[in-house]
Amino acid sequence: MNLSDFDIWYRTRYRRTSSSLTTTAFIISDLIAILLSFAWGFFWVRIYGFIVDYDTINARSFITYWPYLPAFIIIFQIHRLYPGVSLAPSEEMRRFFIGSFVAYGGIMMARFIDNNHWDSVNTAFLIAGVFSTLILLTARSVMHWILHKTRLGGIPTVIYGSGKTGKLVVDCLLGSIRTGYVPVCMIDDNPLGEDEYRNIPIIHDFNAGPEIVKRYNIKMAIVAMPSLDAVKLKNLLNTSVSAFRYNVIIPNFYNISSIWMSIRDFSGVLGIDTSNKLKITFNLAIKRFVDISIVVLGGIIILPFLLIAALLVKISSPGPVLYKQKRIGINGNHFYTYKFRSMVINADEVLQKLLESNPQLQTEWEQTHKLQNDPRITGIGKFLRRTSIDEFPQFINILKGEMSLVGPRPIVDAEIIKYGDDYSRVFSVKPGLTGLWQVSGRSNADYLDRVAYDIYYLQSWSVWLDMWIIFKTFGVVIMGKGAY
């Protein structure tokens, strides 16, 4: 495709050439979320009238504190939460948490100094601050979805390279709600190549970059040509890519994915730090503390529901309430996981006969070790699995130190071969009740995807990544996505 053809194509589809619309949308969603957190705090102070002067406020009093809103936006801007594109979810959570802590802390401190005492309004702000990060993340997720569905958001981006890596970048940008970049064209120097990929035009002229910037004011370029030699790459950057205000170069080790990579400078020699943070004793202690804290507090809250689930299992079919299965844990050690029984008591025999009589089901079982329409599952078992309530008895495994809240999925011996050379690396940590692959695809992900997600998790671990996965798990469970 030449520039004239691209001009017609571009003007019929794109009219945005900056991140201002995306930034404005996120500011609006953040303002709404902050007001909702105010309302939540004031609501609970009003409900629980244990504060002496609680009568001085009502459920609508939060509206009068709207002048605090600009302070939040300024603090969020300082923490680089705008325009909010291409920001890792766990990093977004970390910045929202710190920003909210600073904002609410400042408000409460200023009011305490001004009034010379702690009042019910400060209590409301304290409660709002506790829940604000979750409310902000939820509002951001909704706004990401709205911008993606309406095609109102996204920064137009030019991709240099139409080979394997260039197409991979396009696939990632088109397939993600959160990246915030929209591929508008690909550029290469192969006149015999294809003219488009996934309806994205390909211009066969490396020199087209400056003209595209001039005509359409596009500011972002991604160079996805990792096999290009150093001399040609330098020439491309100097003559064409430099016309763009922002540009990203995909290196020839792009498949090493980590949101926590950092650059190390060895006296002018570039290095990439991808340390395994779950090998550090202090980090493991923090992870263990978070596991126990959440399991104990969460277990107390949901205990009545677990008792009801146990009763339903008992009366729905004969057999024990809990089912235990031998699984592989950290460093290949075996342990027994606990679940609410969701199958008939002779499930293994039923499965063996089923697989022997149905080659199609045999293939499905070999690929995922799950059956989408499993006849062994009881009526109440389907509900427990769809809502993931059957997994909650694994809190026992977490308290015993056999599992973690977040980690690779615990597997059986027959699945080891599916992990190949990555097996030892993936299971050098405790398996988890939930994990990155579960919130990304759950049962719909094949083993290659699972291994990729698990390795990504090991490379990228942080407390914030765990918190984001736990937060994301609630949404996945509520939607019942991929669970069976």
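Residues numbered from 1 in each chain as written. Predicted model: local features only at pLDDT ≥ 70, side-chain atom pairs only at ≥ 80, totals over all residues. Heavy atoms only, no water.

**Q** Quick question: what am I supposed to make of the sheet that holds strand β6 (residues 246-249) here?
**A** Pairing between the strands of a sheet is mediated by backbone hydrogen bonds and can be parallel or antiparallel. If you walk across this open sheet you meet the six strands as β3-β4-β2-β1-β5-β6, and the pairing is mixed. Both outer strands of the open sheet, β3 (196-197) and β6, are each paired with one neighbouring strand and no more. Where strand β2 (residues 181-187) lies against strand β4 (residues 200-203), two bridges are found, and the strand directions are parallel. Across the sheet, the residue bridging to M186 is I202, located in β4. (Pairing = 2+ DSSP bridges. Helix = DSSP H or I, 4+ residues; strand = E, 2+ residues; numbered from the N terminus.)

**Q** Help me understand the packing of aromatic side chains in this model?
**A** Where two aromatic rings form a pair, the distance of their centres and the angle of their planes describe that pair. Within the structure shown, the criterion is met by 22 aromatic pairs. Plain terms: the ring middles of F42 and F125 are 5.8 Å apart, the flat faces sit at 85 degrees to each other, and that makes the pair edge-to-face. Of this pair, F42 sits in helix α2 (residues 20-47) while F125 is found in helix α5 (residues 120-150), placing the two residues 83 residues apart along the sequence. Consider the rings of F76 and F96, whose centres lie 5.2 Å apart with planes at 85 degrees: the pair is edge-to-face. With F76 in helix α3 (residues 69-78) and F96 in helix α4 (residues 89-115), the pair connects residues that are 20 residues apart, well separated along the chain. Note on F76: relative accessible area 0%, which makes it buried. Taking the relative accessible area as the measure of exposure, F96 reaches 0% and is therefore buried. An aromatic cluster of at least three residues, connected via ring pairs, comprises F38, F42, Y65, Y68, F72, F76, F96, Y104 and F125. (Phe/Tyr/Trp six-rings, centres within 6.5 Å; stacked < 30°, edge-to-face > 60°. Buried < 20%, exposed > 50% of the residue type's maximum accessible area, 1.4 Å probe, protein only.)

**Q** Mind showing me how you'd approach the nonpolar core here?
**A** Looking at soluble globular proteins, one finds that nonpolar side chains tend to be buried together. Judged by nonpolar contacts, the single largest core of 63 residues is most densely connected at F38, F125 and Y457. Broken down by element, this core gets its largest block of residues, 10 residues, from α5. In this structure Y457 touches L278, K287, V406, G407, L436, L465, D466 and I469, once residues within four positions along its chain are discounted. Among the nonpolar cores identified, the runner-up in size contains 24 residues, and W9, V158, C185 and L233 belong to it. (Core = buried A, V, L, I, M, F, W, Y, C linked by side-chain atoms within 4.5 Å. Contact = heavy atoms within 4.5 Å.)

**Q** Is there a simple way to explain the pairing of strand β1 (residues 155-160) in this structure?
**A** The two faces of a sheet get side chains in turn, since along a regular strand they alternate between them. Of all six residues in β1, six are buried; the element is thus mostly enclosed. A two-sided burial pattern is seen for β1, the buried positions comprising I155, T157 and I159 on one face and P156, V158 and Y160 on the other. Bridge count for β1 against β2 is six bridges, and the pairing is parallel. Each residue of the ladder has a partner; that of T157, found in β2, is P183. The parallel pair β1 and β2 is bridged by helix α6 (residues 164-175), and the resulting crossover is right-handed. Across four bridges, the pairing between β1 and strand β5 (residues 220-223) is parallel. In the strand pairing of β5, I159 is matched with I222. (Right-handed = clockwise from strand over helix to strand, strands pointing away.)

**Q** Sorry if this is basic, but what is going on with the pattern of salt bridges here?
**A** Should the charged atoms of two oppositely charged side chains come close, the side chains can pair. Counted by the stated rule, this structure contains 13 salt bridges. Salt-bridge contacts for D466 lead to K287; the nearest nitrogen and oxygen are separated by 2.7 Å. Placement of the pair is D466 in helix α18 (residues 463-479) and K287 in helix α9 (residues 281-316), with a sequence separation of 179 residues. For D466, a relative accessible area of 5% translates into the label buried. (Salt bridge = Lys/Arg side-chain N within 4 Å of Asp/Glu carboxyl O.)

**Q** Even after reading the chapter, I still don't get the pairing of β6, so can you show me in this structure?
**A** Bridge count for β5 against β6 is four bridges, and the pairing is parallel. Residue pairing for β6: I222 is matched across the bridge by V248. In this fold, the crossover linking β5 to β6 by way of helix α8 (residues 230-239) has right-handed handedness.

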